[in-house]
Amino acid sequence: MRALLAGLIWTLLHCADAACPQAPGTGPYTFTVKVPSNCQTTNCDYYLAIKPNGNDSMYTDFYIEGTAMGYVAVGLSSSGGMDDSDVLACAVDPHTAGVAVVDAYNGQDQTNRRDVIQNLCLYSANFSNGRIYCSFSRLVDTGDSAEDKSLNGSYTLLYAAVDDVSAGTANPFKTCVPFIPNSKEEYHSTSHNWSGSNYSTRSSNCFNHSFSNGMSSCPWVRAIFLCCNDSKNNPLYLDFLLEGNAKGYVAIGFSPDGMMASSDVWACAIDPSAPGGAAVVDAYNTPGYNSVRDTVQNACPHSTMAANGRIKCSFSRLIDTGDFLHDKNLNNSYYLLYAAVDTKPVGSGSTLGLSRHSQTPTKTSTPVNIVSAKGSAPVAMSFPKEALTKAHAILMLITWPLLATTGIFFAAWMKPALPPPLPATWFKIHRLFMLASLFIGAAGFIIIFVANVKTNGLISFANRPSALAHIVIGVLVMVLHIANPIISAFRCQPDHPRRWIFNLIHGSLIGAGVQLLALANCGIGASLIDATDLKQILGIYLAFVGWTFLLLVALFLVFTIIAISVGGEEGPKLGPALVKPILAYWFENKGNKGSTMEMVNTAQRNADLSLGSNSGETPTMAMNVVLRWISLAFFLVVVVASIIVLVVLIAIQ
């Protein structure tokens, strides 16, 4: 209230004789804004022009023109947001279809209110064919500091063209370079001529950084170019050009320690709803490595483009936004992090955000102050996290779906198909495949820890539940996979009365249990891959697992039926390992008394020791052997083909 009374008194004392100028001052407008930037005045979506009034130095002239059914407006903001901003608008009167100028302001709550004193001098206004035109002047300093900004200050200009008056100005455009009253600088939407791809024409004062993200010898190299320079319109701003090859977004991060956590991130992201198909995103990373879109978007976009797999944005940003929680003061030194990501961003428009990525950003080898830096920055040796992560995925696919599954297949199904003089051939093949899976799996297990040791720490318990589950299950599987061959080294002889304990632990509990956990964990890992073909990769893997499950169920049923049909002493030899002791007990101990577990074990032992004996082979038994070899061949063809396809898809990402 005091500020309002002071404004009224100032106006009465100083403006009683300061009548509005009769006409706008002569001479060209010294400050203009065009949307889009390359439009002509008569066809711009929004056009603003400002200059000192040549007839009265106490006034500043404004001309606003735009396509709108409600109003066109310009706001003067100290913070860059709508709160506490002075608003000058040309609004259509819905009753008369005439145009009036409105002096208003937004409070701290961003609610728009009409100024008690209308400090505007209208010269001309018109509404025709859906287009608003108006010319007016305003005192440079009205004295009403509560509701009017002094035009001798420096502000970010907010400008909007609104069709529905009730819609308000919730999402105004920004000049993104603060207005400097009476400056002789004409404002164009880009401060530097950065068109085309010829970087050699850029200013020698431009700090730039051109590099390849990843190892230069790898086929998935993605080049990024960053250029920044002092804004020619205002020294409080830096102009940026960010450009690179990606299907999702290219980004630069400012990090105090070279890590992604707690870093300030600026990105150029694909957004089909935005002009040029891309948009600038102001974001930050939490200590948990999650990317969050900043509530106040302090980015000042000038031009954006996404075409032919390349993304390019030019924008300005305050060197110090004042938001110390989410934005870094660029006049300090930070490690620069660069990333080109193929994963599509999340959301669009005002909700556009950055998706997670698995690759390690390239970073500068030393902190850089980009306000004072010239030339280019040295790049730290690129750590191949992405390549190592892919190697981990490929090795685990070879370990579990291929080697371990095949080794278990021989132990479960191929004993009766390998007759004398080599009754233990199935065991030798089983041991070969399982040892190979152990060593290759251990290599894949170690590689993923090496991949993360320089980025997220030795063990990164990511916030995503699926990532945490993948880590925990992976460690459990690896521990049990190492323990199982150690257990087998201490196994008793096949005819030992307690052999069933080893069979239960080694084969059923650990062997089958670890295999199921590992296959499930490979599926979880496939869902975490940062790849454009993620659905295809995951779909093929799930189809493979489903097919394997159906095949095993079919084999179980078929060979159980064969075992029952043969019966007698030979029947149990042909049954699945899981039911062989039960079948042997059933056929050999009907009516016998004694310990059931002991009789089951004895039956199992007799069935195993009699494998390959010359007791006479029936046609059913011969068919059983042929069927097992056909099943093995079919199984290997599908497994090998599936693994090859998955490995290729992962490698080319």
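Report on the accompanying structure. (Residues numbered from 1 in each chain as written. Predicted model: local features only at pLDDT ≥ 70, side-chain atom pairs only at ≥ 80, totals over all residues. Heavy atoms only, no water.)

### Describing the nonpolar core
So, point 1. Ranked by size, the top nonpolar core spans 33 residues in total, and within it Leu397, Trp400, Phe409, Met414, Tyr541, Leu555 and Val639 carry the most contacts.
So, point 2. For this core, the elements supplying multiple residues, two or more each, are helix H2 (385–413), helix H5 (499–527), helix H6 (534–566) and helix H10 (619–651).
So, point 3. In terms of residue count, the dominant contributor to this core is H2 (10 residues).
So, point 4. Those residues within four positions of Trp400 in sequence are excluded, and the remaining contacts are Thr405, Val477, His481, Val514, Gln515, Ala518, Leu519 and Cys522. (Core = buried A, V, L, I, M, F, W, Y, C linked by side-chain atoms within 4.5 Å. Buried < 20%, exposed > 50% of the residue type's maximum accessible area, 1.4 Å probe, protein only. Helix = DSSP H or I, 4+ residues; strand = E, 2+ residues; numbered from the N terminus. Contact = heavy atoms within 4.5 Å.)

### A look at the state of the cysteines
So, point 1. Evaluation of the coordinates by the stated rule reveals three disulfides.
So, point 2. Here Cys268 connects covalently by a disulfide to Cys313, the sulfurs 1.8 Å from one another. An S-S torsion of about 65° defines the bridge between Cys268 and Cys313 as right-handed. Residue Cys268 is located in strand S16 (residues 264–270), and its partner Cys313 is located in strand S20 (residues 310–318); the two are separated by 45 residues in the primary sequence.
So, point 3. By relative accessible area, which is 0% here, Cys268 ends up buried.
So, point 4. Judged by its relative accessible area of 0%, Cys313 is buried. (Disulfide = S-S within 2.5 Å.)

### Quick look at unusual backbone geometry
So, point 1. With a phi close to 55°, Asn129 is a non-glycine residue in the positive phi region.
So, point 2. Residue placement: Asn129 occurs in the loop between strand S8 (120–128) and strand S9 (131–139).
So, point 3. Of note in the backbone geometry, Ser262 takes a positive phi value of approximately 60° without being a glycine.
So, point 4. When you line up the elements, Ser262 lands in the loop between strand S15 (249–255) and S16.
So, point 5. Among the residues examined, Ser262 registers a relative accessible area of 33% and is labelled partly exposed.

### Describing the environment of Thr425
So, point 1. Tracing the backbone through its elements, the reader meets Thr425 in helix H3 (residues 425–453).
So, point 2. You can call Thr425 buried: its relative accessible area is 19%.
So, point 3. Once the C-alpha coordinates of Thr425 and Lys415 are considered, the two residues, 10 residues apart in sequence, prove to be 8.2 Å apart.

### A few points about the pairing of strand S6 (residues 99–106)
So, point 1. Of all eight residues in S6, six are buried, a share of seventy percent or more.
So, point 2. In the sheet, strand S5 (residues 85–92) pairs with S6 via eight bridges, with the strands oriented antiparallel. Among the inter-strand pairings, Val92 is bridged to a residue of S6, identified as Val99.
So, point 3. Taken together, S6 and the strand that follows it, strand S7 (residues 112–114), pair antiparallel across an intervening segment of five residues, in which Gln110 is found at a positive phi of about 70°. (Pairing = 2+ DSSP bridges.)

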